[in-house]
Amino acid sequence: MHTCLEIGLELKIDYILFQELFINMNIMTTISHSAYYCIVPESEKIRPRVMIFAKKSSRFQFCQKSNICSDTDILIIDINDSVNSNAEVIQLINVYNEKSLAENSNE
């Protein structure tokens, strides 16, 4: 995860999405990075499987939309451009889509 965030910083990437990430369940934390905010689904009981890191120095602002869906396998944010107020809001959705591990199953 640190490597991905460092590469994202070098490439000037504002939002990085992760799935099946590391979370310390004892204290419900994950890695931190000085250049990125960490956005996780709102849940204290279930280990989230999706996460978004948002660059702190980005011109794009985000708003977490937990009112749209309470599923911890879905994370939704609205992104708007703080420089261009006429730009449309973009909705970024990180969906964990677990494939069944059952034999001969395509669910």
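This text goes with the structure placed above it.
Residues numbered from 1 in each chain as written. Predicted model: local features only at pLDDT ≥ 70, side-chain atom pairs only at ≥ 80, totals over all residues. Heavy atoms only, no water.

Asks: When you look at the side chain of Asp78 in this model, what are you seeing that I'm missing?
Replies: Relative to the helices and strands, Asp78 is located in strand β5 (residues 74-81). One polar contact links Asp78 to Gln91, side chain to side chain, over a distance of 2.9 Å. Contact partners of Asp78, with chain neighbours within four places excluded, come to Gln61, Phe62, Cys63, Lys65, Val89, Ile90 and Gln91. (Helix = DSSP H or I, 4+ residues; strand = E, 2+ residues; numbered from the N terminus. Polar contact = N/O pair within 3.5 Å; in protein donor to acceptor, adjacent residues only side chain to side chain. Contact = heavy atoms within 4.5 Å.)

Asks: Please explain the sheet that holds β5 as it appears in this structure.
Replies: Within a sheet, adjacent strands bond to each other through the backbone by hydrogen bonds, running parallel or antiparallel. Read across the sheet, 3 strands follow the order β4-β5-β6 without closing on themselves; strand pairing throughout is antiparallel. The two strands at the open ends of the sheet, each matched to only one other strand, are β4 (60-64) and β6 (90-95). Neighbour-to-neighbour, the strand axes of this sheet turn through a mean angle of 30°, independent of strand direction. Alignment of β5 against β6, held across 6 bridges, turns out to be antiparallel. Directly across from Leu75, in β6, lies its bridge partner Asn94. (Pairing = 2+ DSSP bridges. Axes fitted to C-alpha atoms, helices over the stretch in contact; angles between N-to-C directions.)

Asks: What should I look at first to understand the pattern of salt bridges in this one?
Replies: The tally for this structure, following the rule as stated, stands at 3 salt bridges. For Asp73, the salt bridge goes to Arg49, with nearest N and O atoms at 2.7 Å. Here Arg49 lies in the loop between β2 (36-39) and β3 (50-55) and Asp73 lies in the loop between β4 and β5, a separation of 24 residues in the sequence. As far as the burial class goes, Asp73 and Arg49 line up, both buried. Between Asp81 and Arg59 there is a salt bridge; the shortest N-O distance is 2.3 Å. Residue Asp81 is found in strand β5, and its partner Arg59 is found in the loop between β3 and β4; the two are separated by 22 residues along the sequence. (Salt bridge = Lys/Arg side-chain N within 4 Å of Asp/Glu carboxyl O. Buried < 20%, exposed > 50% of the residue type's maximum accessible area, 1.4 Å probe, protein only.)

Asks: What exactly am I supposed to notice about the sheet that holds β2 here?
Replies: Read across the sheet, 3 strands follow the order β1-β3-β2 without closing on themselves; strand pairing throughout is antiparallel. The sheet is open, and its two edges are formed by β1 (15-19) and β2, each paired on a single side. Taking the axes of each pair of neighbouring strands and ignoring which way they run, one obtains an average angle of 20° across the sheet. Pairing of β2 with β3, which is carried by 4 bridges, proceeds in the antiparallel orientation.

Function cannot be inferred from these measures alone, as they are strictly geometric.
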